[in-house]
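Spelled out from the first residue to the last, the chains are:
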Amino acid sequence: MGNLRFYCTVLITKIIIKLMKMLGRNATDMPGNIAIKLCPDVLRRLTPPKHIIATTGTNGKTSVNNIVCGILEHNGVDFIDNRLGGNIASGLTSILIAKCDLKGVCHQKVASFEIDERSAIRVYPYLKPDYLLCTNLQRDSMKRNANPEFIFNILDKYIPKETKLVLNGDDMLSGRLAEGNDRVYFRIAHMDGEVLRDNIVKDLTVCPKCGSDIDWEFVRFHHIGQGKCPKCGFGSPECKYILKSVDEENITIQTDGVEEKYPVLGTRTIDLYNMTAAVALCREFGLTYEQVNDGMKHASIPKSRYQEKVAGGVQIISMLAKGMNPIACSSSLDVVGRDKSNKAVFVILDDKNETKYSSENTAWIYDSDFEFLNEDSIKQILVGGKRAMDYTVRLLVAGIPEEKIVHSLSDTDIADMVNTEDIQKVYILYDMYNVEQRDKIIETVSRKCEEAARRESK
Amino acid sequence: MTIEVLYPKVCNLFGDSGNIKYLKKCLPDARWIETGFSDTPAFVSENVDLIYIGPMSEKIQEDVVERLMPYREKIRELIDNGTCFLATGNAVEVFGNEVKDRDGTGFKGLGVIGLDAKRDMFGRLNNLYLGMYEDIEVIGFQSQFTTSYLSDGQQGLFKTVFGMGLHQGACEEGVRKNNFFGTYLVGPLLVMNPLFTKKLLKIMGAGDVSLAFEDEVMQAYKLRVEDFKQAKRK
């Protein structure tokens, strides 16, 4: 009976996926959800590819999985992946059913999955990665992820014993995961002239073993860096993969005393971590230096979160600053703060999804480093949307002069308030639910910049 | 005016550090003591006008109880004498009797206020809350694994208008004992509730001070109260 139910579920779900694809939809979570309802142990019964490599962690897992998939693709590896979305049990069920035969068997050799860290409890009992990379564990949505220790405990409990871990040696929090498992670490060496950030949020400040204050050699951002407990000796581990340097074209990673060059895919610190992580994972999986190096040349970091254009000589840059996730938001604020060009900055971070049903929880904005916007090069900060007054107060608390802040409760009017005089750039920091609003702002700002340029040329 | 922030490096979840950032703007001349996790609290040896502690992870809760246990009688004495305390999020539970998890684990608190908590690590509770403190409306966010119950004779802090209260259906939220204010509301409570902040500052002995960015904070508060009321109707 159980088998019949399983085979029927596979068949029905495959039909649903086909229909959804015909309608132009991605078919990520919904078919898997239906499959789980029809056959609650469907994920256990499916036969995944023989080898599973997986990436989890608070920030960077999508980018790392994209790079890894790019490398696998270029090297002709027969694999399946979830780059289109679906990193929880239902999404993974969808992708496995889409790719399996009618008996629920996947014949591909490899799966490369991004797996949501909170979903460990529902995924790892059935999908056991050969290699699991954890990018980092940091503060995320309080509503879903509570605190990093909570997520650590879930992963620590459910990571399969046989899985080899690839961990961030600059993150002493995730570095302690599943201590009995085989593991390697990667990290980025402290480089000359590197600008270090002192963030509001540091999710590890005292030794998790004995509670003493950590002695830090350096902190790159948040709690990411190298340190040691002076009392019990707990500290940053020895790393097998160390990013030693970066230039315009290459990163140099030292592995077992040998320095290897790989192409640069992005220059932000988070990009460097993601590239080093992807190299470490692919090498551990068994790809050679040449295979990874060639593959990296064809890999990319998703661009959907970053766009730029030039209008009337002004560079207009839009960047996703994920709401509810103070670390990801601070990372975008950091990029804006470090840019010394004269600029205006739009902050449109209302979570439209949450606003539909509730009043948005904006507590997280006090964990985000809006202080990074307190720079002379920022001439104007424009806050638009329902929560504009909350953001205005946050900016004032961050020490931003009142005269620089412009706010409007209207989603669209705010764009008209930009002053394009004497600025070289306009940054638009937006939430993932504000794409429509972002596009309207880009349109209006572009028009204003072009008009100003025309006036000037007359 | 002296304000002690207990263990800010580890008791700072959910944007609650916004409370301290904002108080620093409101009281620019105050003396601030940020007590390290291995340090002896300042309240043990000197007078302080406010002792603040924010939310923390579940393991840190137990560590904090262990660190404060030697000073339990001193804390009880300070509460009895009217020293002002503000504990937000699960910091309240540190001062309560006990936290009992549904899996049978848990820990004993300091036992200086009459509060018992039940914890379910698989049931995160996220809510909006609107309540009354005397004659003013107080708003905030709840994001927690516990529900709590007051002991006989223990007073709550806010009267629930809507939201969960200490547990589903509770007509009170938080706990008040003399000038000990404990609330499960997380985030920048003092920024979001300027009228409550004014009352708290007065109780602390700061007098009738103007709040930092008072006009903007009041505008944000009015908009948010209205938004909470609309959200309830959705």
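What you see is a predicted model, and the numbers here were worked out from it, not measured in a lab. (Residues numbered from 1 in each chain as written. Chains lettered and ligands numbered in written order. Predicted model: local features only at pLDDT ≥ 70, side-chain atom pairs only at ≥ 80, totals over all residues. Heavy atoms only, no water.)

Let us now look at the interface of chain B and chain A. Residue-level contacts link 42 residues of chain B with 41 residues of chain A. With both sides pooled, the region where chain B packs onto chain A buries about 3,400 Å², and carbon together with sulfur makes up 58% of that total. Considering only the side of chain B, the residues that lose the most area to chain A are K21, E216 and R224 of chain B, jointly responsible for 15% of the buried surface there. The tally of links from chain B across to chain A stands at four salt bridges. A salt bridge links D227 of chain B to K386 of chain A; the nearest nitrogen and oxygen atoms lie 2.8 Å apart. At the boundary of chain B with chain A, the tally comes to 17 residue pairs in polar contact (both at pLDDT 80 or more). Sorting the residues of the side of chain B that touches chain A by element identifies α1 (17–26), α2 (58–68), β8 (125–133), β9 (136–144) and α7 (214–233) of chain B as the ones contributing at least two each. Looking at the side of chain B that touches chain A, the element that brings in the most residues is α7 of chain B, giving 10 residues. Grouping the constituent residues of the side of chain B that touches chain A by class yields 20 nonpolar, 11 polar and 11 charged. (Contact = heavy atoms within 4.5 Å. Buried area = accessible area lost by both parts, 1.4 Å probe. Salt bridge = Lys/Arg side-chain N within 4 Å of Asp/Glu carboxyl O. Polar contact = N/O pair within 3.5 Å; in protein donor to acceptor, adjacent residues only side chain to side chain. Helix = DSSP H or I, 4+ residues; strand = E, 2+ residues; numbered from the N terminus. Nonpolar A, V, L, I, M, F, W, Y, C, P; charged D, E, K, R; others polar.)

Counting all residues, the mean pLDDT for chain B is 95, and 99% of those residues have values of 70 or more. In the model output, the complex is listed with pTM 0.93 alongside ipTM 0.96. (pLDDT = per-residue confidence, 0-100.)

What follows concerns helix α2 (residues 30–38) of chain A. Within α2 of chain A, the full set of buried residues consists of P31, G32 and A35 of chain A. The arc enclosing the buried residues of α2 of chain A, seen along the axis, measures out at 95 degrees, which places them on a common side. (Buried < 20%, exposed > 50% of the residue type's maximum accessible area, 1.4 Å probe, protein only. Arc of directions from axis to C-beta.)

Residues and elements named next belong to chain A. Remark: α2 packs on helix α5 (residues 89–99), axes separated minimally by 7 Å, with the N-to-C direction vectors making an angle of 95 degrees. In this view, α2 runs roughly perpendicular relative to α5, as classed from their interaxial angle. Across from P31, G32, N33, A35 and I36 in α2, the residues of α5 making contact are A89, S90, T93, S94 and I97. Among the residues forming the contact of α2 with α5, the class breakdown is five nonpolar, five polar and no charged. (Axes fitted to C-alpha atoms, helices over the stretch in contact; angles between N-to-C directions. Parallel < 35°, antiparallel > 145°, perpendicular 65-115°, else oblique.)

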